[in-house]
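What follows is the residue order along each chain.
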Amino acid sequence: MTENIVGQINSDNAEFAVSEESKRLNEANEAFMAYVGSLEGYSELDENSEGIKSAGQELIRDFNIAPSLFEKKDEALIFTSLASLSADILKTGERGVEIDRMREFIADAAFLLTMDDYTKGGELDELRAQQESLQGESEDSKTQLKVLNKFTDPTITQRLTRLVESQGLFHEVNEKLGLSEQDANPVEIHVLSIGKDHDSVNFDHKANGLDWSEANDWAVGLKKRADQFVREFPNQSAELAASASGFAMQLDGQQHIFLPFAEANVLLANEDDVLINETTARPHGIVGTLKHEYTHAQKNVRRGRFFGWSIEERRAEYISGDSGEYYDVKGFFNNLAVLTGEHVNSIFNTVGEERRVDTDDQTYGKLAKAYGLSNLVKIAAVMPDPYIPHLKGPIEPDMQVALGGYRSIVFDVAAGLDPQEKEEAKVRLEEKISHFEERGLNVEVLLEVLAPAIQALDYDTAKK
Ligand SMILES: [Zn+2]
């Protein structure tokens, strides 16, 4: 029977293609239904499960979504979030600029979420090829590693690796993540022999046995090599990497952390107080950078190439002791905490605790429950400010514009609150302001950071 049908289809290629396509569509729909059926504790699904299912099926058809997407738990939830957002729009039946903006976001996000899964021959093929070539995706990680190794200073790398090991610098990070030493990914540290113009100031020339003018030449050399590195490193983020205070990458199946020369040198010059002297801001900050990058190498919550960046940066900052910047990301999550009473850091804590008793990583599920299923995909899609200028077209920047940044998401989360929850949010806001006043801190700064939540709640700050 089966053989007979296959024989018939093979005799007509067009018919065969249609049949394969509809088989794939059916499989994807079934996988989505099964996935949604397995979800529990989402109020949006309790209220509008049929609407979300049919919006999801529409997205599956329009974007040729592969059944395999639903084998990836977090991607499946991000997709369900898109379906929920789409169902919200259909339910309100409203029209206008804002709705058009959200539709554009849904289309961009659906495309980027599933870009890897498209089969050849679809009408989205050309767009996909364009996107991938702009991202430099054709370069493999072996070539990237080769360039990074070329610019690695072996002596300083060895000294820094020994320092990190002898001081047990990553032990505390593993603890917070709920990871045993055996479960943690081994990480290779590299000190890159590159730097910025002003790095001569940070260079401990005496410790390196150089006089001042030799040290100056060395610093000029660092800058020159940084420029050369940008030219040779086959990655869309070459410039970002060359100017970063540190970065992490998984290359050729191994986790790596990269630190620029000047930063590593400051740590080595302060070898004795790396752990104890938190008052020396610079070494402390560099230890924070190392821990931040190490966190990225453990249970990273980025999903696909375009989702989870803000969540991951907030996680790395929290776990590493909040010594770095990313003020935009931190401010964003502080606004969500005021609105919902749930701080993302407490979600990271719970995930760490749960990991100790060996349950699944539920970060995305917890985010969706705290901030709304329809908002999850937006929180996953929104990029930290420093990354935005480095996005490559045509879809990546468009998605950010359609999303409208952190502020717009804060308004969306606020719009999902009922009157009672809004009152509770205002109480939290008042408590925060009082707390700042009691400690003699600058309330103006707080009001500026929380301005989106304050406006979204229509809270009168002069009232107090
Ligand atoms: Zn980071």
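What you are looking at is a predicted structure, and each value in this text was computed from that prediction instead of being measured.

Each value, and the rule that gives it
Residues numbered from 1 in each chain as written. Predicted model: local features only at pLDDT ≥ 70, side-chain atom pairs only at ≥ 80, totals over all residues. Helix = DSSP H or I, 4+ residues; strand = E, 2+ residues; numbered from the N terminus. Buried ≥ 20, exposed ≤ 12 C-beta atoms within 10 Å, placed from the backbone. Core = buried A, V, L, I, M, F, W, Y, C linked by C-beta atoms within 7 Å. Contact = placed C-beta atoms within 7 Å. Pairing = 2+ DSSP bridges. Axes fitted to C-alpha atoms, helices over the stretch in contact; angles between N-to-C directions. pLDDT = per-residue confidence, 0-100. Expected span 1.5 Å × (residues − 1). Parallel < 35°, antiparallel > 145°, perpendicular 65-115°, else oblique. Left-handed = near helix turned anticlockwise from the far one by under 90°. Nonpolar A, V, L, I, M, F, W, Y, C, P; charged D, E, K, R; others polar.

Brief notes about the overall build of the chain
Part 1: Counting its secondary structure elements, the chain contains 23 helices and three strands.
Part 2: Across the 464 residues that make up the chain, the buried fraction comes to 36%.

Section: the nonpolar core
Part 1: Leu 82, Ala 109, Leu 376 and Ala 453 are the most contacted members of the largest nonpolar core, which totals 109 residues.
Part 2: Aside from chain neighbours lying at most four places away, what touches Ala 453 is Asn 335, Val 338, Leu 339, Val 410, Ala 414 and Leu 429.

Looking at unusual backbone geometry
Part 1: Not every positive phi belongs to a glycine, and Asp 252 is a case in point at roughly 55°.
Part 2: For Asp 252, the location among the structural elements is in the loop between strand 2 (247-251) and strand 3 (254-260).

So, the pairing of strand 1 (residues 187-192)
Part 1: Taking burial as the measure, the six residues of strand 1 include five buried ones, the bulk of the element.
Part 2: In the sheet, strand 1 pairs with strand 3 via six bridges, with the strands oriented parallel. Bridge assignment links Leu 192 to a residue of strand 3, and that residue is Pro 260.

What to know about the sheet that holds strand 3
Part 1: Across the sheet, which stays open at both edges, the three strands sit in the order 1-3-2 with mixed pairing between neighbours. Pairing within the sheet leaves two strands with one partner each, and these edge strands are strand 1 and strand 2. Within this sheet the neighbouring strands show an average axis-to-axis angle of 30°, counted without direction.

Overview of the confidence of the model for the chain
Close inspection of predicted coordinates is inappropriate in any region flagged by low pLDDT.
Part 1: When pLDDT is averaged along the chain, the result is 87; 86% of the residues meet or exceed 70.
Part 2: Between residues 1-10, whose pLDDT stays under 50, and residues either more than four places distant or in other chains, the model counts four contacts.
Part 3: Counting contacts from residues 275-279, a segment whose pLDDT is below 50, to residues more than four positions away or on other chains yields three contacts.

Things to note about the pairing of strand 3
Part 1: Most of strand 3 sits inside the fold, with five of its seven residues counted as buried.
Part 2: By the bridge criterion, five bridges tie strand 2 to strand 3 in an arrangement that is antiparallel. Within the sheet, the bridge partner assigned to Ala 248 lies in strand 3 and is Ile 257.
Part 3: Joining the antiparallel neighbours strand 2 and strand 3 is a turn of two residues, in which Asp 252 adopts a positive phi near 55°.

A few points about helix 5 (residues 97-114)
Part 1: Counted at 1.5 Å a residue, the expected span for helix 5 with its 18 residues is 26 Å, and the 26 Å between its end C-alpha atoms agrees.
Part 2: For helix 5, every residue scored as buried is listed here: Met 102, Phe 105, Ile 106, Asp 108, Ala 109, Ala 110, Phe 111, Leu 112, Leu 113 and Thr 114.
Part 3: Where the residues of helix 5 are buried, they touch helix 3 (43-62), helix 4 (73-92), helix 18 (373-381) and helix 19 (395-403).

As for the packing of helix 4 against helix 17 (residues 363-371)
Part 1: Contact pair helix 4 / helix 17: the axes reach a minimum separation of 9 Å and the direction vectors enclose 20°. Between helix 4 and helix 17, the angle is such that the two are roughly parallel. Here helix 4 runs over helix 17; the crossing is left-handed. Touching Asp 74, Leu 77 and Ser 81 of helix 4 are Tyr 364, Gly 365 and Ala 368, all from helix 17.
Part 2: Its residues assigned to classes, the contact of helix 4 with helix 17 comprises three nonpolar, two polar and one charged.

Looking at helix 3
Part 1: Taking 1.5 Å as the rise per residue, helix 3 with 20 residues should run 28 Å; its terminal C-alpha atoms sit 26 Å apart, in good agreement.
Part 2: Of the residues making up helix 3, those classed as buried are Glu 44, Ile 52, Ala 55, Gly 56, Leu 59 and Ile 60.
Part 3: One or two residues past the end of helix 3 sits Asn 64, with phi positive at roughly 50°.

Points about the environment of Glu 423
Part 1: Tracing the backbone shows Glu 423 in helix 21 (residues 419-438).
Part 2: Spatially, the C-alpha atoms of Glu 423 and Leu 457 are 8.8 Å apart, while their sequence positions differ by 34 residues.

Regarding the environment of Ala 66
Part 1: Inspection of the secondary structure puts Ala 66 in the loop between helix 3 and helix 4.
Part 2: Accessibility expressed as a C-beta count within 10 Å gives 18 for Ala 66, which makes it partly exposed.
Part 3: Separated by 38 residues in the primary sequence, Ala 66 and Ala 28 have C-alpha atoms spaced 5.9 Å apart.

Describing the packing of helix 14 (residues 309-319) against helix 16 (residues 344-356)
Part 1: Put simply, helix 14 and helix 16 touch, their axes get as near as 10 Å, and they point 75° apart. Compared by their axis directions, helix 14 and helix 16 come out roughly perpendicular. For the pair formed by helix 14 and helix 16, the contact residues are Arg 314, Arg 315, Tyr 318 and Ile 319 on the first element and Val 344, Asn 345 and Phe 348 on the second.
Part 2: Among the residues forming the contact of helix 14 with helix 16, the class breakdown is four nonpolar, one polar and two charged.

Details of the environment of Thr 143
Part 1: Considering the arrangement of structural elements, one finds Thr 143 in helix 7 (residues 141-150).
Part 2: A residue is classified by how many C-beta atoms lie within 10 Å of it, and Thr 143, with 16 of them, is partly exposed.
Part 3: Measuring from C-alpha to C-alpha, the distance between Thr 143 and Asp 252 comes to 9.5 Å, with 109 residues separating the pair along the chain.

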